[in-house]
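Summary of structural features
Residues per chain are reported as follows:
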Amino acid sequence: MTVWDDLVGQERVSEQLAAAARDADAFVTAAASDAPPPEASRMTHAWLFTGPPGAGRNQAARAFAAALQCVSPDRALGGAPGCGFCDGCHTALVGTHADVSTVAAVGAEILVKDMRDTVRKSFTAPANGRWQVILVEDAERLNEKSANAVLKAVEEPAPRTVWLLCAPSVEDVLPTIRSRCRHLVLSTPSVEAVADMLVRREGIEPDVAASVARATQGHVDRARRLATDPAARARRASVLKLPQRVEEVGGALRAAQELVDAAAEDAKQLAEEMDGKETEDLKAALGAAQGGRLPRGTAGVVKDLEDMQKRRRTRTQRDSLDVALADLTSFYRDVLALQLGSRIALANTDAEEALERLARDSTPESTLRRIEAIAACGEALDRNVAPLLAVEAMTMALRAG
């Protein structure tokens, strides 16, 4: 199993990255033996991965990072880097490699203080003699200050540093940054490719794999979660019942409250799993005894951790609401397809009766207005509108049609 096996339906991108990894390997080998570097190379110091949600931007970047760190002895015999089994590949893929730093948005933005240490590290030599890789998973969430910090590092990188930026589109990244990156565009995998992956890699039954792949319309991570997590399937089933509950004002408001409460519960569960351990580990690192007082001058460090954990809870709640909005959009897209007599396959075949009823009882114009209301809810959440207010406005608009 190579590092490229997790890239579903991205054969062209995999080929480009594999070629660049071979050239990068040749560069490191030449440098170690004092030989002249290759004259032509498909490797560069900065890459920008773009594509729709679920296409696998982060997975592609991490697979490339693993291939750059590959230490398989087969390389000396002509094998391609990225074996997937060596220590370099394994630690890069699971996120524990000393020379692969990952930056992801904890809250709504990546703050400059979140980037400061990483940018500083990007100017140092790799610890194990290969590449220093900086992976920014949510480059579209860089704010002005953090983006400028990245720009300075990308403009004048260290000789063996590689920046991997992931964003939905090139427009989400500063022009000055994207002009210094090699751009790779990932596409939404086909439903068939996602279903095949679930059968081969996760051992999912073919009919279940086909159903969740169709329901998520090629979103690899959500398809995997639906196939393996009963709670995720239950949440989706609850969301798909929402259009039937908004016929009355009281029902619309209750549905909004339940949707926000479910997202808050997701954030709470994550906090319970991570916050306590993080806090105790930090206190131990600062020298505080179990249950004892913190040493003087360290309260600010603990406060920074608490602020980060609060931002992470907000982000988790927002991510959960995003999934619900995507499911609702998919539902009304199916309604619209039925109303217009389209031949495209329905995504939500498990709710076909409700789809047909709503298609009969409403018009395409009202369905489009409902889809616009869901999009407006997402935009309101982006502007930090209180989640309950944004979702209530959406459910009332769904009721009005």
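Look above for the structure.
Here goes a summary of the coordinates provided. (Residues numbered from 1 in each chain as written. Predicted model: local features only at pLDDT ≥ 70, side-chain atom pairs only at ≥ 80, totals over all residues. Heavy atoms only, no water.)

Examining the pairing of strand E4 (residues 161–167)
Applied cut-off: For every residue, the accessible area obtained with a 1.4 Å probe (protein chains only) is divided by the maximum for its type, and the residue is called buried under 20%, exposed over 50%, and partly exposed between those limits. By the criteria applied, helices consist of DSSP H or I runs no shorter than four residues and strands consist of E runs no shorter than two, each listed in order from the N terminus. At least two DSSP bridges between two strands are needed for those strands to be called paired. The handedness rule is simple: strands pointing away from the viewer, and a clockwise path from the first strand over the helix to the second, make the crossover right-handed.
Most of E4 sits inside the fold, with 7 of its 7 residues counted as buried. The two faces of E4 match: Thr161, Trp163, Leu165 and Ala167 on one face and Val162, Leu164 and Cys166 on the other face are all buried. Judged from the 5 bridges that link them, strand E1 (residues 46–50) and E4 form a sheet pairing that is parallel. The residue of E4 that forms the bridge with Trp47 is Leu164. With helix H5 (residues 144–155) bridging strand E3 (residues 132–136) and the parallel E4, this β-α-β connection has right-handed handedness.

Things to note about the sheet that holds E1
For clarity, the threshold we go by: Every axis corresponds to a line fitted to the C-alpha atoms, with the helix fit spanning only the stretch in contact, and the corresponding angles, defined between N-to-C directions, vary from 0 to 180 degrees.
If you walk across this open sheet you meet the 5 strands as E2-E3-E4-E1-E5, and the pairing is parallel. Both edges of this open sheet fall to strand E2 (100–103) and strand E5 (182–185), since each of them pairs with a single strand only. For this sheet, the mean angle separating the axes of adjacent strands, direction not counted, is 15°.

A look at the packing of aromatic side chains
The condition that has to hold: Note on aromatic pairs: the rings of Phe, Tyr and Trp (six-membered ring only in Trp) are paired at centre separations within 6.5 Å, and the planes decide the class, stacked below 30 degrees, edge-to-face beyond 60, tilted for the rest. Placement of a positive charge over a ring is assigned whenever Lys NZ or Arg CZ falls within 6 Å of the ring centre and within 35 degrees of the normal to the ring plane.
Enumeration over the complete set of coordinates arrives at 3 aromatic pairs. Summarising the aromatic geometry, the rings of Phe27 and Trp131 are spaced 5.8 Å apart at their centres and angled 35° between planes, so their arrangement reads as tilted. With Phe27 in helix H1 (residues 11–32) and Trp131 in the loop between helix H4 (112–122) and E3, the pair connects residues that are 104 residues apart, well separated along the chain. Accessibility expressed as a relative area gives 32% for Phe27, which makes it partly exposed. Given a relative accessible area of 5%, Trp131 falls into the buried group. Note that Arg182 overlies the ring of Trp47, its terminal NZ or CZ placed 5.2 Å from the centroid.

So, the pattern of salt bridges
Formally: When a carboxyl oxygen of Asp or Glu is within 4 Å of a side-chain nitrogen of Lys or Arg, the pair counts as a salt bridge.
Within this structure, the stated rule accounts for 20 salt bridges. Residue Asp327 pairs with Arg222 through a salt bridge whose shortest N-O separation is 2.3 Å. Of this pair, Asp327 sits in helix H12 (residues 299–339) while Arg222 sits in helix H9 (residues 220–228), and the two are 105 residues apart along the sequence. By relative accessible area, which is 11% here, Arg222 ends up buried. Note that Glu258 and Arg245 form a salt bridge whose closest N and O atoms lie 2.8 Å from each other. Placement of the pair is Glu258 in helix H11 (residues 249–285) and Arg245 in the loop between helix H10 (230–240) and H11, with a sequence separation of 13 residues. Taking the relative accessible area as the measure of exposure, Arg245 reaches 30% and is therefore partly exposed. Residues joined by salt bridges that share partners form a network here, namely Asp138, Arg315 and Asp319.

Regarding H9
Applicable threshold: It is the directions from the helix axis to the C-beta atoms that the arc portrays.
Within H9, burial applies to Val220, Arg222, Ala223, Leu226 and Ala227. Viewed along the axis of H9, the buried residues span an arc of 165°, placing them on a single side of the element.

Observations regarding the pairing of E3
The element E3 is extensively covered by neighbouring structure, given that 5 of its 5 residues are classed as buried. With burial as the criterion, each face of E3 is covered, one bearing Gln132, Ile134 and Val136 and the other bearing Val133 and Leu135. As paired elements, E2 and E3 share 4 bridges and run parallel to each other. Considered in E3, the bridge of Ser101 is made with Ile134. As defined by bridge partners, E3 adjoins E4 across 5 bridges and the pair is classed as parallel. What sits directly across from Val136, in E4, is Leu165.

Focus: the environment of Ala256
Rules: Should any heavy atoms of two residues lie within 4.5 Å, those residues are considered in contact.
Relative to the assigned elements, Ala256 resides in helix H11. Sequence-wise, Ala256 and Met115 are 141 residues apart; in three dimensions their C-alpha atoms are separated by 36 Å. Ala256 has contacts with Leu388, Val391, Glu392 and Thr395, leaving out every residue within four places of it along the chain.

Re the side chain of Gln132
Mapping Gln132 onto the fold places it in strand E3. Those residues in contact with Gln132 that sit more than four places away from it in its chain are Ala98, Asp99, Lys121, Ser122, Thr124, Ala125, Pro126, Arg160, Thr161 and Val162.

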